[in-house]
Amino acid sequence: RSLLVVHFWAPWAPQCAQMNEVMAALAKEHMQVTFVKLEAEAVPEVSEKYGISSVPTFLFFKNSQKVDRLDGAHAPELTKKVQRHASSSSVSAGSNDSAKEDLNARLKKLINAAPCMLFMKGSPKEPRCGFSKQMVEILNKHGISFSSFDIFSDEEVRQGLKTYSNWPTYPQLYVAGELIGGLDIVKELEASGELDTVCPKAQKLEDRLKILINKAPVMLFMKGSKQMAKCGFSKQIIEIMNSTGVDYETFDILEDEEVRQGLKTYSDWPTYPQLYVKGELVGGLDIVKELKESGELLPILKGEN
């Protein structure tokens with residue numbers, strides 16, 4: 001039930017010798033963990049079974065099940081993985097059920113991390129298998145808003161989710177915490193026209209901008225925040241706004257490139273900062289300066305003008 005770490009190594013590779021030293025140090029620190037060295041080329045059938053294509057490679061086993069792997073000479077990553085798996089195995093050493101419960105709780109949390117969750121190989125920008133690539137293309141084509149999890153990044157999730165959802169392959173698509181299915185199911189839903197009703201649509205940029213502009217009676221789109229302006233123009237407009245005593249909210253356009261570019265087109269105003277009152281554009285720094293000098297700024301901010 002304790003953790004077993006197997007190092008697939010080769011005597012001709014200097015990085016393997018370095019990692020053997022790291023492993024020896026970890027063995028002293030984690031007495032409950034078993035560390036084993038296997039010369040990869042001496043056991044070709046084992047290396048082939050576990051897809052060992054380079055050295056050093058580390059495999060992690062618990063209860064005779066492979067739970068993780070690490071490819072390459074990454075001492076900090078090896079230390080981190082040993083600590084994580086060792087601590088979880090020591091907690092659940094007396095009870096395999098509690099380890100299962102912990103994993104199930106984690107899987108449930110991941111599945112519910114967004115209204116639409118895709119568990120895939122790779123990322124939407126860089127899918128690492130044809131099925132995952134096709135799934136991303138379908139979801140994007142239909143303007144569906146989704147988050148994703150790369151199952152290559154976590155072997156425990158990769159194996160555990162198959163059992164949890166009783167679905168043996170990837171990608172897997174979940175909506176509101178419920179499994180929709182894999183690529184074939186999504187293709188069927190697309191063909192029947194049901195996909196658009198099942199999955200949440202991505203909010204259109206124009207709708208999003210309207211909501212942001214109307215988030216508060218007085219909204220300032222700027223570089224930085226009230227507390228820390230990140231350009232001279234934004235700093236000047238903040239000083240003017242603060243001098244009026246009127247409540248206002250800010251949005252940092254440096255945090256969101258989509259809003260930064262989209263708002264220029266939406267408002268037909270090419271620069272920042274931009275000030276809005278009750279959803280209407282007032283203008284940038286020069287306009288605000290002019291309004292202050294003419295005494296019109298305060299009535300406008302209060303919605304009187």
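Everything below is about the structure shown above.
Quantities reported herein were computed from a predicted structural model and do not represent experimental measurements.

Counted according to the given criterion, the structure contains 15 salt bridges. A salt bridge links R69 to D71; the shortest N-O distance between them is 3.0 Å. Between R106 and D154 there is a salt bridge whose closest N-O contact spans 2.5 Å. Here D154 lies in the loop between β6 (147–150) and α6 (155–165) and R106 lies in helix α4 (residues 96–111), a separation of 48 residues in the sequence. Taking the relative accessible area as the measure of exposure, R106 reaches 31% and is therefore partly exposed. The network of salt bridges with shared partners includes K66, E155 and R158.

Let us look at the packing of aromatic side chains. Ring pairs (aromatic) are described by centroid distance and by the angle formed between their planes. Counted according to the given criterion, the structure contains five aromatic pairs. Ring geometry for F119 versus F149: centroids 5.8 Å apart, planes at 45°, classification tilted. Of this pair, F119 sits in strand β5 (residues 116–120) while F149 sits in strand β6, and the two are 30 residues apart along the sequence. Side by side, F119 and F149 carry an identical accessibility label, which is buried. Centre to centre, the rings of F221 and Y276 are 5.5 Å apart; their planes meet at 80°, and the pair counts as edge-to-face. With F221 in strand β9 (residues 218–222) and Y276 in strand β11 (residues 274–277), this residue pair connects regions lying 55 residues apart in the sequence. When sorted by exposure, F221 lands in the same class as Y276, which is buried. Taken together, F119, F149 and Y174 form an aromatic cluster joined through their ring pairs. K37 extends its terminal NZ or CZ atom over the ring of W9, reaching a point 5.6 Å from the ring centre. When the ring centre of Y248 is taken as origin, the NZ or CZ atom of K226, which lies over that ring, is 4.4 Å away.

Moving on, we get to the sheet that holds β9. Taken together, four strands build an open sheet; the order of strands is β10-β9-β11-β12 and the sheet is mixed. Of all the strands in the sheet, just β10 (249–252) and β12 (280–283) have a single pairing partner and so form its edges. Averaged over all pairs of adjacent strands, the angle between their axes in this sheet comes to 30°, without regard to strand direction. Here four bridges tie β9 to β11, and the two strands are oriented antiparallel to one another. For M219, the partnering residue across the bridge sits in β11 and is Y276. Across the sheet, helix α10 (residues 232–244) is in contact with β9, β10 and β11; its angle to β9 comes to roughly 160°. Packing of helix α11 (residues 257–267) onto the sheet brings it into contact with β9, β10, β11 and β12, and relative to β11 it is tilted by some 65°.

Quick look at the nonpolar core now. V218, L220, M241, L275 and L301 are the most contacted members of the largest nonpolar core, which totals 18 residues. Elements supplying a minimum of two residues to this core: β9, α10, β11, α12 (285–294) and α13 (297–301). In terms of residue count, α10 provides more of this core than any other element does, four residues in total. What L301 contacts, discounting residues up to four positions off in sequence, is V218, M241, T244, V246, L275 and V277. Formed by 16 residues, the second largest nonpolar core is a distinct cluster that contains C116, M135, I138 and L173.

We now examine the pairing of β5. Along β5, five of the five residues are buried, which leaves the element largely enclosed by surrounding structure. On β5, burial covers both faces: C116, L118 and M120 on one face and M117 and F119 on the other are all buried. Note that β5 and strand β7 (residues 172–175) share four bridges and pair antiparallel. From the neighbouring strand, M117 faces β7, where its bridge partner is Y174. With four bridges connecting them, β5 and β6 associate as parallel partners. Directly across from L118, in β6, lies its bridge partner S148. As for the winding sense of the linkage, the β-α-β connection from β5 through helix α5 (residues 130–141) to β6 is right-handed.

What counts and how
- Residues numbered from 1 in each chain as written.
- Predicted model: local features only at pLDDT ≥ 70, side-chain atom pairs only at ≥ 80, totals over all residues.
- Heavy atoms only, no water.
- Salt bridge = Lys/Arg side-chain N within 4 Å of Asp/Glu carboxyl O.
- Helix = DSSP H or I, 4+ residues; strand = E, 2+ residues; numbered from the N terminus.
- Buried < 20%, exposed > 50% of the residue type's maximum accessible area, 1.4 Å probe, protein only.
- Phe/Tyr/Trp six-rings, centres within 6.5 Å; stacked < 30°, edge-to-face > 60°.
- Lys NZ or Arg CZ within 6 Å of the ring centre and 35° of its normal.
- Pairing = 2+ DSSP bridges.
- Axes fitted to C-alpha atoms, helices over the stretch in contact; angles between N-to-C directions.
- Contact = heavy atoms within 4.5 Å.
- Core = buried A, V, L, I, M, F, W, Y, C linked by side-chain atoms within 4.5 Å.
- Right-handed = clockwise from strand over helix to strand, strands pointing away.

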